[in-house]
Number of protein chains: 2
Amino acid sequence: MSKTFEKLQPYLDKAMAFETARNLFEWDEQTTAPFEAADYTSKVVGIISDEYRKCLINDDVRKLINKLKEEKEQNELSSNERAIIKELDKTYKELESIPPEEYRAFNELTSVSNRAWAKAKKDNNYEYFAPYLKKIIEYKKKFASYRAKKGQEPYEVLLGDFEECFNIKDLDLFFDKIKKELVTLLKQVSKKSDTIDKSYNYLKYDLEKQRDFCRYLAGYIGFDFNRGVIAESAHPFTLQLHNHDVRITNSFIEDNLESAIFSVIHETGHALYEMNIDDAVTQTLVGTGASMGMHESQSRLFENIIGRSEAFWTPIYDKLVDAYPENLKNISLKHFIRGINKAEPSLIRTEADELSYSLHIIIRYEIEKMIFSGEADVDKLPDLWNKKYEEYLGITPSNDSEGILQDTHWSYGEFGYFPSYAIGSAVAAQIYAKMKDLMPVDQYLLDGNITPIREYLRDAIHKYGATKNTNQILKEVTGEELKADYYVNYLKDKYEKLYNL
Amino acid sequence: MSKTFEKLQPYLDKAMAFETARNLFEWDEQTTAPFEAADYTSKVVGIISDEYRKCLINDDVRKLINKLKEEKEQNELSSNERAIIKELDKTYKELESIPPEEYRAFNELTSVSNRAWAKAKKDNNYEYFAPYLKKIIEYKKKFASYRAKKGQEPYEVLLGDFEECFNIKDLDLFFDKIKKELVTLLKQVSKKSDTIDKSYNYLKYDLEKQRDFCRYLAGYIGFDFNRGVIAESAHPFTLQLHNHDVRITNSFIEDNLESAIFSVIHETGHALYEMNIDDAVTQTLVGTGASMGMHESQSRLFENIIGRSEAFWTPIYDKLVDAYPENLKNISLKHFIRGINKAEPSLIRTEADELSYSLHIIIRYEIEKMIFSGEADVDKLPDLWNKKYEEYLGITPSNDSEGILQDTHWSYGEFGYFPSYAIGSAVAAQIYAKMKDLMPVDQYLLDGNITPIREYLRDAIHKYGATKNTNQILKEVTGEELKADYYVNYLKDKYEKLYNL
């Protein structure tokens, strides 16, 4: 190890410890903490967050980073160390660029504005939320301007926080391609909506049996219960303390069989990524997925491409029928597969099917761009939103709660996040196309043998954590950087067959 | 607030945050964390513990403490602030007195020695554990000597870490009194052991119904589920993040009805204490119980004095019978009350009844004293242990696993802790005697009305946290400092009636 890097190590270790503690508080809040704990506990989390910032943002660390970035030092660094320095430098610049008092004021604002959003959504009252949203946008513009390169759009800075590989031009091309193909495809599919029956999905399904089956599914796919736990929370999520402690949650609905099943497959996809990260990389700044998009690619590969395939369900569908014979004994495997892939335009992103999902994202991407370029006025967002839903999905929200107010992201200041979901779907399709060339994926699934798939993903992607970025990984694994074509072709192929188009 | 205290506040806040994080990691390890997480997570906890130490033990804090201890500053301090300074000064002296490298070596030793103890207990092999125990004792002697006042025994220093009010002379008198009375009483009771039938307790009791009933019991006594949670762990315990987040665990045994019931009452007693601590005191150095013994007094007051009384069970026993009609329909309330109070000598402290419990403690107290005075050689402890069990309880362990190896405390270096359990029982009896003078305790219990009891304890004891010590509280509440008489009289009265002695 380089002597300079050795000097940096204690700062990195401390930051890792504080970050892990913050994650544990987050987990605990979502799964365990009692209702009235929040105000007192947030004081603790605030102090730990301050300490995180202080132990990374100081002159000693700045000097060490600069020294390590010099050519001579770089040669003495391992590739992991270089990746850590790159990430640290990025984090440093981001945190340093914002004056501490503005940073604190912004954090106070988002904590208030998130509550305001929840109230506005509940009361279907966009006007109540709008003033908060305006302030948040002002802050985000200002914060982005502190870091923008010459001529760079503020929105591009925000996009870069989640995905460094794609600028606005890349994403415009990416989304145009998707939009062009999928808007038409979805319209064709909508017309044939009646050809697929899914009524079985909305019968009563005993919750305890759902829990058992979902736990079985997680283990079947490869969730390692010695290195992870499953709990329950209002919305399913994945969170890790390190590669030996990866946690997912699920949420169960009695009259919706699919909901928890595809949530647990999705979160297990995230969890496998984190469990497979190398021991040498975990507990460092690059000890997590390469990007939001790359992470989402793994959850979506398992949830949609694998988890909604007939080959995946062939060896295990009987087990599900055995759990609910009264509901499913007359539902054949083929019927079930058509049911879980049924697509039709809907208003709520989180409940959208695989085909229409990206259109929800495109709408958000286009609106976020307009917000930050000044083309869209905050007061007019509900109209803009509704028009785009009509244009791309052919339906219009009947109120703002199921329209502009549906997502929590903006109330926390998370702009630039949404595109990662669509990038994830496209990355998944591109990797899947490659996997099919390399191995008999369907045969493995038919045999109930997920191991070779999981090991391939581990060795090709997961183990590296964030030591490589999305396009580096894609280039190495598939020979190309991100291309929308695989995703579009996968969806066209699948839905044309499913609906006999 | 004094200006000097204001300068100290950020250090106290940081220490509080790190301590709360440590507590959450502890909770998580016992209730949630996956099996293989420990090695990686312990790195995080180690760093946070170091930061805790560093933010309290430094020249700035030392100077501020000294300034605040000066007469002039003291007058400007509130009573809470004075209590915080006193506690900080004590913590400072304790942490400062041990050289960091010795402190680290000792922590490494206890982590290894705890595993060695677990193996030795499993294999019934005291010789395997003895060398570790010797080293631990050497460290504890040395650490105690760093802080001992002139002529003070090392063991007295250790006792003071758990309970500042009682020195060896006090405890000798206290335990002599108890021993004299209870050894005889227990012998009389043992002879009439056959007069109480308890076979119903060891039938099969559905675990889900046990969970439900124990949750009901916690709420019945006053556990506030908006400010607390109940989980499961191998051994029941209570842990708090602050007064709005108090957590207890329970552990269920299918063929032992009592085990979980009295555990949950015990832990709820601890939890009420923590939930009732004033908002002004929580999240400070004195934001917990006054001492180990005072804490244990509240758990034992509820578990034994209240929780094993006929008045307590009169309004709720039917509910228990309804949960298990097949097992309990022929067990009358009177039969049940005799069963839950049955006493007989046994070998394992944690399973001991209320009458014999303190004799287990006396044995440990006497042996710890001999260890630290040099009278007892580590290699001869098993013999010493067995002889004392024969003398006080009339029974001899058949092996070391159920003898000298049964408790985990020494393997962590916790010497001086055991007496707190007996102090707790005695404090509970003394407070209970006073309560009976002040209010119709039995009538409240018969009415199922725990509120006046709980509110009395809150206002007389709980709300102050550790701003007062055990004897201060006892003096204010009962007019006297700790006296063994109330405890001895309570037990004599109870058991003479129960066994018609």
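Analysis parameters
Residues numbered from 1 in each chain as written. Chains lettered and ligands numbered in written order. Predicted model: local features only at pLDDT ≥ 70, side-chain atom pairs only at ≥ 80, totals over all residues. Heavy atoms only, no water. Helix = DSSP H or I, 4+ residues; strand = E, 2+ residues; numbered from the N terminus. Rg over C-alpha atoms; globule rule 2.2 N^0.38 Å. Buried < 20%, exposed > 50% of the residue type's maximum accessible area, 1.4 Å probe, protein only. Contact = heavy atoms within 4.5 Å. Domains from an automatic or database assignment. Buried area = accessible area lost by both parts, 1.4 Å probe. Salt bridge = Lys/Arg side-chain N within 4 Å of Asp/Glu carboxyl O. Polar contact = N/O pair within 3.5 Å; in protein donor to acceptor, adjacent residues only side chain to side chain. Nonpolar A, V, L, I, M, F, W, Y, C, P; charged D, E, K, R; others polar. Core = buried A, V, L, I, M, F, W, Y, C linked by side-chain atoms within 4.5 Å. Phe/Tyr/Trp six-rings, centres within 6.5 Å; stacked < 30°, edge-to-face > 60°. Lys NZ or Arg CZ within 6 Å of the ring centre and 35° of its normal. Pairing = 2+ DSSP bridges. Least-squares fit on C-alpha atoms with pLDDT ≥ 70 in both. Axes fitted to C-alpha atoms, helices over the stretch in contact; angles between N-to-C directions. Left-handed = near helix turned anticlockwise from the far one by under 90°. pLDDT = per-residue confidence, 0-100.

A. A look at the overall build of chain A. Along the backbone of chain A there are 23 helices and three strands. The C-alpha atoms of chain A give 23 Å as radius of gyration, which agrees with the globular expectation for 501 residues (23 Å, within 12%). Residue burial in chain A is summarised as follows: out of 501 residues, 56% are buried. Of the contacts formed within chain A by residues at least 6 apart in sequence, a portion of 74% connects residues at least 24 apart.

B. Fine view of the domain arrangement of chain A. All names here are of chain A. Splitting chain A by domain gives domain 1 (3-147) and domain 2 (168-208 + 289-498). Computed over C-alpha atoms, the centres of domain 1 and domain 2 are 29 Å apart. Of the residues lining the interface, 21 residues belong to domain 1; the matching set on domain 2 comes to 21 residues. Both sides of the domain 1 and domain 2 interface together cover about 1900 Å² of buried area, and 64% of this is carbon and sulfur. Lys134 is paired through a salt bridge with Asp379; the nearest N and O atoms lie 3.3 Å apart. If you look at where domain 1 meets domain 2, you find 13 residue pairs in polar contact (both at pLDDT 80 or more). Counting only elements with at least two residues in the side of domain 1 that touches domain 2, the list comes to helix 5 (79-97), helix 6 (100-123) and helix 7 (126-147). It is helix 7 that provides the largest number of residues to the side of domain 1 that touches domain 2, a total of nine residues. Here the residues of the side of domain 1 that touches domain 2 sort into ten nonpolar, six polar and five charged.

C. View of the nonpolar core. Ranked by internal contacts, the top residues of the largest apolar core, which has 134 residues, are Phe312 and Trp313 of chain B. Of the domains in this structure, domain 1 (3-147) and domain 2 (168-208 + 289-498) of chain B are the two that each give at least three residues to this core. Ignoring anything within four residues of it in the chain, the contact list for Trp313 of chain B reads Phe213, Leu217, Ile261, Phe262, Gly307, Arg308, Leu320, Leu333, Phe336, Ile337 and Ile340 of chain B. With 133 residues, the next largest nonpolar core counts Ile371, Leu393, Ala426 and Val477 of chain A among its residues.

D. Examining the side chain of Glu258 of chain A more closely. Residue and element names in this part refer to chain A. Its location among the elements puts Glu258 in helix 11 (residues 257-275). Residue class for Glu258 comes out buried when judged on its relative accessible area of 11%. Among all residues touching Glu258, those that are not within four sequence positions of it are Lys198, Tyr200, Asn201, Arg308, Gly339 and Ile340.

E. Examining the packing of aromatic side chains more closely. Under the definition given, this model contains 61 aromatic pairs over all chains. Between the aromatic rings of Tyr155 of chain A and Phe372 of chain A, the centroid separation amounts to 5.8 Å while the plane-to-plane angle is 15°, which identifies the pairing as stacked. Taken together, the residues span a long stretch of sequence, with Tyr155 of chain A in helix 8 (residues 154-162) and Phe372 of chain A in helix 17 (residues 357-373) at a distance of 217 residues. Phe372 of chain A gets classed as buried once you look at its relative accessible area, which sits at 5%. Between the aromatic rings of Phe174 of chain B and Phe175 of chain B, the centroid separation amounts to 5.1 Å while the plane-to-plane angle is 65°, which identifies the pairing as edge-to-face. For Phe174 of chain B, a relative accessible area of 7% translates into the label buried. Overall, the relative accessible area of 2% leaves Phe175 of chain B in the buried class. Chaining the aromatic ring pairs together yields one cluster made of Tyr155, Phe174, Phe175, Tyr365, Phe372, Trp385, Tyr389, Trp410 and Phe415 of chain A. For Arg215 of chain A, the ring lying beneath its charged end belongs to Phe225 of chain A, and the centroid distance is 4.0 Å. The ring of Tyr128 of chain B carries Lys119 of chain B above its face, with NZ or CZ at 5.5 Å from the centroid.

F. Summary view of the pairing of strand 2 (residues 238-242) of chain A. Residue and element names in this part refer to chain A. When you tally the buried positions in strand 2, you get four out of five residues, the bulk of the element. For strand 2 and strand 3 (residues 245-250), the ladder comprises four bridges, and the chain directions are antiparallel. For Thr238, the partnering residue across the bridge sits in strand 3 and is Ile248. Once strand 2 ends, the chain turns through two residues before running back antiparallel as strand 3.

G. Expanded view of the relation of the copies chain B and chain A. For the match of chain B to chain A, the screw axis carries a shift of 0.0 Å, the RMSD comes to 0.0 Å, and the turn is 180°. Overall, the copies show the geometry of a two-fold rotation axis. Considering only C-alpha atoms, the residue of chain B closest to the rotation axis is Ala21 of chain B, which sits at 3.2 Å. The fraction of interface residues of chain B whose copies in chain A are also interface residues reaches 100%, indicating that both copies meet through the same surface.

H. Geometry of the packing of helix 12 (residues 292-306) of chain B against helix 19 (residues 419-438) of chain B. Residues and elements named next belong to chain B. Between helix 12 and helix 19, the least distance of the axes is 7 Å, while the angle of their chain directions is 60°. As helix 12 packs across helix 19, the resulting crossing turns out to be right-handed. Residues Met292, Gly293, Met294, Glu296, Ser297, Gln298, Arg300, Leu301 and Ile305 of helix 12 lie in contact with helix 19, whose contacting residues are Ser420, Tyr421, Ile423, Gly424, Ser425, Val427, Ala428, Ala429, Ile431, Tyr432 and Met435.

I. Expanded view of the sheet that holds strand 1 (residues 228-232) of chain A. All names here are of chain A. Strand order in the open sheet formed by three strands is 1-3-2, and the pairing between neighbours is mixed. Here the strands that pair on one side only, and so sit at the sheet edges, are strand 1 and strand 2. If you compare each strand with its neighbour and ignore which way they point, the axes differ by 20° on average. Examined bridge by bridge, strand 1 and strand 3 share five bridges and lie parallel to one another. Of the residues in strand 3, the one forming a bridge with Gly228 is Val246. Helix-sheet contacts for helix 1 (residues 3-31) involve strand 1, strand 2 and strand 3, and the interaxial angle to strand 2 is about 145°.

J. Examining the confidence of the model for chain A more closely. Per-residue confidence for chain A gives a mean pLDDT of 96, with 100% of residues at or over 70. The ipTM for the predicted assembly is 0.93, set against a pTM of 0.94.

K. Region of interest: the environment of Asp13 of chain B. For Asp13 of chain B, the position within the fold is in helix 1 (residues 3-31). In this structure the C-alpha to C-alpha distance between Asp13 of chain B and Cys55 of chain B, which are 42 residues apart in sequence, comes to 9.7 Å. Among residues more than four places away in sequence, those in contact with Asp13 of chain B are Lys43 and Ile47 of chain A.

L. Seen up close, the interface of chain B and chain A. The partner chain A presents 38 residues to the 38 residues of chain B that form the contact. It is Pro34, Glu36 and Tyr40 of chain B in chain B that bury the most area against chain A; as a group they hold 19% of the surface buried on that side. Where chain B touches chain A, the interface holds six salt bridges. Lys43 of chain B is the salt-bridge partner of Asp13 of chain A, the closest N and O atoms lying 3.8 Å from each other.

M. Looking closely at the pattern of salt bridges. Inspection of the entire model under this criterion finds 66 salt bridges over all chains. A single network of salt bridges, built from pairs that share partners, joins Arg62, Lys69, Asp89 and Lys93 of chain A.

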